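Commentary on secondary and tertiary structure
These are the residues of each chain, in order.
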Amino acid sequence: MPLPPGPRVPATVQTAALLHDPHGFFVRLHRRHGWAATIRILGEGEVVAVADPDFARAMFGDPENLRAGQASNTLEPIVGKASLLTLDGAEHLRQRKLLLPPFHGDRLRAYEDVIRDIARRHASAWLVREPFAFHEAMQKTTLEMILRVVFGVTDRAVLHRAEELLERMMPLANVALLPERWRRDRGERRSPVGRFHGAMAEFDALVHEQIAARRAAGDDHEPDVLGLLLDARDEDGNPMTDDELRDELVTLLVAGHETTATSMAWTLDLLLHDPAALRAATDAAHAGDGAYLEGVAKEALRLRPVIFSAGRIVQEPVTVLGWELPVGTRMWAPLPVLQRDPALWPDPEAWKPERWLAGAPNPLPYTWLPFGGGVRRCIGAAFALMEMRVLLQEVLRTVTLEAAGPPARAVLRNVVAAPRGGVMVTRTA
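Residues numbered from 1 in each chain as written. Predicted model: local features only at pLDDT ≥ 70, side-chain atom pairs only at ≥ 80, totals over all residues. Heavy atoms only, no water.

**Some details on the pairing of strand β12 (residues 424–427)**
Every other side chain in a regular strand lies on the same face of the sheet, so the side chains alternate between the two faces. The pairing of strand β4 (residues 132–133) with β12 spans two bridges and is antiparallel. Across the sheet, the residue bridging to phenylalanine 132 is valine 425, located in β12. For strand β9 (residues 401–403) and β12, the ladder comprises three bridges, and the chain directions are antiparallel. Bridging from a neighbouring strand, glutamate 402 pairs with threonine 426 of β12. (Pairing = 2+ DSSP bridges. Helix = DSSP H or I, 4+ residues; strand = E, 2+ residues; numbered from the N terminus.)

**Describing the sheet that holds β9**
With antiparallel pairing, the three strands of this open sheet are ordered in space as β4-β12-β9. With partners counted over all chains shown, the strands left at the sheet margins are β4 and β9, one partner each.

**Quick word on the nonpolar core**
Counting 100 residues, the largest nonpolar core has Trp126, Phe134, Phe151, Phe203, Leu249, Phe383 and Leu401 as its most contacted members. At 14 residues, helix α13 (residues 242–272) tops the list of elements feeding residues into this core. In this structure, phenylalanine 134 is in contact with Trp126, Met264, Ala265, Leu268, Leu401, Gly422, Val423 and Val425, ignoring residues within four places of it in sequence. (Core = buried A, V, L, I, M, F, W, Y, C linked by side-chain atoms within 4.5 Å. Buried < 20%, exposed > 50% of the residue type's maximum accessible area, 1.4 Å probe, protein only. Contact = heavy atoms within 4.5 Å.)

**Brief notes about the side chain of arginine 355**
Within the secondary structure layout, arginine 355 lies in the loop between α16 (335–338) and α17 (381–398). A distance of 3.0 Å separates a polar atom in the side chain of arginine 355 from a polar atom in the side chain of glutamate 299. Discounting residues that sit within four places of it in the chain, arginine 355 has contacts with Glu299, Arg302, Trp345, Pro346, Asp347, Ala350, Ala360 and Pro361. (Polar contact = N/O pair within 3.5 Å; in protein donor to acceptor, adjacent residues only side chain to side chain.)

**Some thoughts on the pairing of strand β10 (residues 410–413)**
Relative to strand β11 (residues 416–419), β10 runs antiparallel, the two being bridged by four bridges. Looking at β11, one finds that arginine 413 is bridged to valine 416. The hairpin turn running from β10 into β11, its antiparallel successor, is two residues long, and asparagine 414 in that turn takes a positive phi close to 55°.

**Description of the sheet that holds strand β5 (residues 309–314)**
Taken in spatial order, the five strands make up an open sheet running β1-β2-β8-β5-β3, and their pairing is mixed. Either end of the sheet is taken by a strand with one partner, and the two such strands are β1 (36–41) and β3 (66–67). Where β3 lies against β5, two bridges are found, and the strand directions are antiparallel. The residue bridging arginine 67 from the neighbouring strand is isoleucine 313, located in β5. In the packing of helix α1 (residues 11–20) onto the sheet, the strands contacted are β1 and β8 (330–334), and the crossing angle to β1 comes to about 100°. (Axes fitted to C-alpha atoms, helices over the stretch in contact; angles between N-to-C directions.)

**What to know about the packing of aromatic side chains**
For any pair of aromatic rings, geometry is given as the distance between the ring centres together with the angle between the planes. One pass over the structure, following the stated rule, counts 12 aromatic pairs. Considering the side-chain rings of phenylalanine 60 and tyrosine 366, the 5.8 Å spacing of their centres and the 15° angle between planes classify their relative orientation as stacked. With phenylalanine 60 in helix α3 (residues 53–61) and tyrosine 366 in the loop between α16 and α17, this residue pair connects regions lying 306 residues apart in the sequence. Accessibility expressed as a relative area gives 22% for tyrosine 366, which makes it partly exposed. Within the aromatic cluster, the residues linked to one another by ring pairs are Phe25, Phe26, Phe308 and Trp332. Geometry around tryptophan 368 places lysine 298 over its ring, the cationic atom sitting 6.0 Å from the centre. Residue placement shows arginine 302 over the ring face of tryptophan 345; its charged tip is 5.1 Å from the ring centre. (Phe/Tyr/Trp six-rings, centres within 6.5 Å; stacked < 30°, edge-to-face > 60°. Lys NZ or Arg CZ within 6 Å of the ring centre and 35° of its normal.)

**Examining unusual backbone geometry**
Phi is positive for arginine 129, close to 60°, though the residue is something other than glycine. Note on arginine 129: relative accessible area 62%, which makes it exposed. Although it is not a glycine, valine 423 adopts a positive phi angle of roughly 60°. For valine 423, the location among the structural elements is in the loop between β11 and β12. By relative accessible area, valine 423 is classed as buried at 5%.

Right, dumping it as structure tokens:
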């Protein structure tokens, strides 16, 4: 069965274009080839990109036929086989139910003070009149937040060890995401894959140490995510195994701190190049107006989505926009196009935090998807928005920043659309 037409250039060229500009790639693709187009990406093969909200609604509403876990199996070398990201069906639903309680509304309020204190301490330490990469600063800040909230780690030595291992591991994650035939491990001294595996093994050991220490402590533990997961039981009364705990904790740690740090970098980049919005956000921070700050975060996630697409693999033939797609077809729903559709978003290219305030029209379902949707919606969505709101408030209250470079453009790092150059800023006061 023929797939929708798309670019005719080689897969190497298309992959390079996606890596170089993941946001613009999809905008240009669908402008030229329509709402459904087939692309060829190294390591993925042929992918049908569909920028249609009706398809997005169907995709999130049919998790059995359109499998997300199978589409994310390239992440297994990092997050493992038992991660919520790589599971489908009944196993996914079981893990999801076990993981939801720590991210309930009441729990979020308990985490907020910890996040506020860490944000204020990190912002206060930034040097005056010394340009720095805001993205990197946020990575350090959000890593400590996740380690405190997820693991309950307060030991500075453990925090530094985790930071050191992640700094070794994450720059090498791209090679871990390559197809298996390209991931030859020639040892730590001779190959990037070997160095990644070495750092990953040390990081796994650190995670298992934290799990063992908590199990040994019995009921005497903090009300953080790890403590709650140790107490969790499925419908048959079974707890999570150590391997399941490891995979879910690493997923929360790696995904949680990197995506929030990147989202914050994009948010500040947009604010610092819009004096009116910056003044409004700063006033909101001092006034404690969380609604406006959350609107700032949501608008940044709309214009600069960190995860550029939602992926699925077809289990039974499906018809999309008149094209019948066979079993095994890999599909992507590109967020940079869905979230800027002029038929769905008034003035879609404009940066308007006020579009999220009370009284403004609510976005239609399946047109704002930074956290996915349906049973695959990110369980940490509410936590991430709360974290961004508190971070924004404390940064804008604590320091005065100005841009030290032009607006950033996106570049693909691992699976994240990050700002090229890291968003250089200067603390002026």
